[in-house]
Amino acid sequence: MRRRPRTLTGRLAGMLAGLVLAAAALVAVAAPAQAASLIQVTGFGSNPGNLAMYAYRPDNLPSGAPAVVLLHGCAQNATGYLANSGWQKYADQWKFALIVPEQRSANNSSSCFNWFETGDTSRGQGEALSIKQMVDHARSSYGTAADRVYVSGLSAGGAMGAAMLATYPDVFAAGSIIAGVPYRCATGMVNAFTCMSPGVDRTPAQWGDLVRNAHPGYSGPRPKVAIWHGTADYTVATANATESRDQWTNVLGVAQTPTSTAQLPGGTNLEVYGNDAVRVYRVSGMGHGTPVDPGTGADQCGTAAAYFLDTICSAYRDALFFGLNGGGPTPSPTATAGPTANPSPTGAPSCVTASNYAHVVAGRAYHSGGYAYANGSHQRMGLYNTFHTTALRQTAPNHWVIGC
């Protein structure tokens, strides 16, 4: 097993403070009162990334059951993430396995998955290969299905989840990126912080090429993707949600304009792209963390704690998106049609060229982290000031896109 030099570990301790989730703030949760429990698994492969493997198998798990990989955030661990995220409830209810990799301090002193290291985010190497070997072990030892594997992660775990979707599209059917960043946004510590905030602005095609180059020549189906981000996340800038959307819509060959939107509980706005190929959940006022909604309702889950934020049960929404409920009933939020090519019924102009500052003042755009973003499409327009001019075209009420 590999151990990184201590010099790298020491530097990571200081440089990754922005993603570190305070371990002391994690809330201890009692183990479930049932036979099934989270167990550590050894000997699952060559493990070039030196990760620990944990697995949760519900009682009476049938052969051919789905499997979900859960990737914790910095300073978290497998036990805490399983206990608080809400996924165990639905694994028990709908009978699917959970694979929970855990980072070791020998790899990263803050226990972050190394989402910014090319050696750990490339196919057939490092941590990415270790996680893939865990999936292979679950299939051979637990009888899980080869074509029903999914991944979900928070922050550094979300970024690592994006890496798994990019490098192993032949393994994962879908994934959920929570407060994460696009794949290959950073390729080392030197640009990791810029990636986190204010974010990196690339075209959808440029983002898509990074994913396609992760497995050159692959022509099979690509995993569908859900993206979650709080609108008040000041650790990983909200611009990353839009950039991730651009990346995965491009990879899946769908437009960056939503086909429908819906209002969900917890102040959550859902945007659906293509034929439900990509989803973007923007949780109003939520900071940096995994959305949970403690309670006993069918759509409630998790425990509110540090970086587990009481808003909406993301595990429930993702489990349905992944199709893990066995074809049972799904929520029916009131949806609104996607943008059309017509101007709004209020008679507002269909195209306006002005400074980014003027667009924000007029309500056609908003600003975050020093940049302006078009309302509705959330396209990044450039710096929020009076010197940067952008042409915005209105395609629906309160929905603007760049270009006339």
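Please refer to the structure placed before this passage.
All of the points below concern the structure found in this document.

Conventions and cut-offs
- Residues numbered from 1 in each chain as written.
- Predicted model: local features only at pLDDT ≥ 70, side-chain atom pairs only at ≥ 80, totals over all residues.
- Heavy atoms only, no water.
- Disulfide = S-S within 2.5 Å.
- Helix = DSSP H or I, 4+ residues; strand = E, 2+ residues; numbered from the N terminus.
- Buried < 20%, exposed > 50% of the residue type's maximum accessible area, 1.4 Å probe, protein only.
- Phe/Tyr/Trp six-rings, centres within 6.5 Å; stacked < 30°, edge-to-face > 60°.
- Axes fitted to C-alpha atoms, helices over the stretch in contact; angles between N-to-C directions.
- Parallel < 35°, antiparallel > 145°, perpendicular 65-115°, else oblique.
- Left-handed = near helix turned anticlockwise from the far one by under 90°.
- Contact = heavy atoms within 4.5 Å.
- Nonpolar A, V, L, I, M, F, W, Y, C, P; charged D, E, K, R; others polar.

**Describing the state of the cysteines**
- Scanning the model with the defined rule gives three disulfides in all.
- Two residues, Cys74 and Cys112, share a disulfide whose sulfurs are 2.1 Å apart. One disulfide, between Cys74 and Cys112, carries an S-S torsion of 125 degrees and so falls in the right-handed class. With Cys74 in the loop between β3 (67–71) and α2 (78–85) and Cys112 in the loop between β4 (97–102) and α4 (126–142), this residue pair connects regions lying 38 residues apart in the sequence.
- Look at Cys112 and you get buried, because its relative accessible area is 1%.

**Thoughts on the packing of aromatic side chains**
- The final tally for this structure, using the stated rule, is 10 aromatic pairs.
- With a centroid separation of 5.2 Å and an interplanar angle of 25 degrees, the aromatic rings of Tyr90 and Trp94 are classed as stacked. Of this pair, Tyr90 and Trp94 both sit in helix α3 (residues 87–94), four residues apart, which is roughly one turn of that helix.
- On the accessibility criterion, Tyr90 (0% relative accessible area) is buried.
- The rings of Trp87, Phe96, Tyr150, Phe321 and Phe322 are connected pair by pair, giving a single aromatic cluster.

**A few points about the packing of helix α7 (residues 204–212) against helix α8 (residues 239–252)**
- In contact at an axis separation of 8 Å, α7 and α8 are set at 65 degrees when each is read in the N-to-C sense. Classified by the angle between their axes, α7 and α8 sit roughly perpendicular to one another. In terms of crossing hand, the pair formed by α7 and α8 is right-handed. The residues of α8 that touch α7, namely those facing Pro204, Ala205, Trp207, Gly208, Leu210, Val211 and Arg212, are Glu243, Asp246, Gln247, Trp248, Asn250 and Val251.
- Across the contact of α7 with α8, the residue classes tally to seven nonpolar, three polar and three charged.

**Observations regarding the environment of Gly253**
- With respect to the helices, strands and loops of the structure, Gly253 is situated in the loop between α8 and β8 (260–264).
- Residues Gly253 and Gly274 lie 21 residues apart in sequence; the distance between their C-alpha atoms is 8.3 Å.

**Some points on the packing of α3 against helix α9 (residues 314–322)**
- One can describe the packing of α3 onto α9 by two numbers: an axis separation of 9 Å at closest approach and a directional angle of 40 degrees. If you check the angle between α3 and α9, you find them oblique. Every pair of crossing elements has a handedness; the one defined by α3 and α9 is right-handed. Where α3 approaches α9, its residues Trp87, Tyr90 and Trp94 are matched on the opposing element by Ala315, Tyr316, Asp318, Ala319, Leu320 and Phe322.
- For the contact of α3 with α9, the class distribution of residues is eight nonpolar, no polar and one charged.

**Description of the side chain of Ser244**
- Along the chain, the position of Ser244 falls in helix α8.
- Setting aside anything within four residues of it in sequence, one finds Ser244 in contact with Val181, Pro182 and Ile227.

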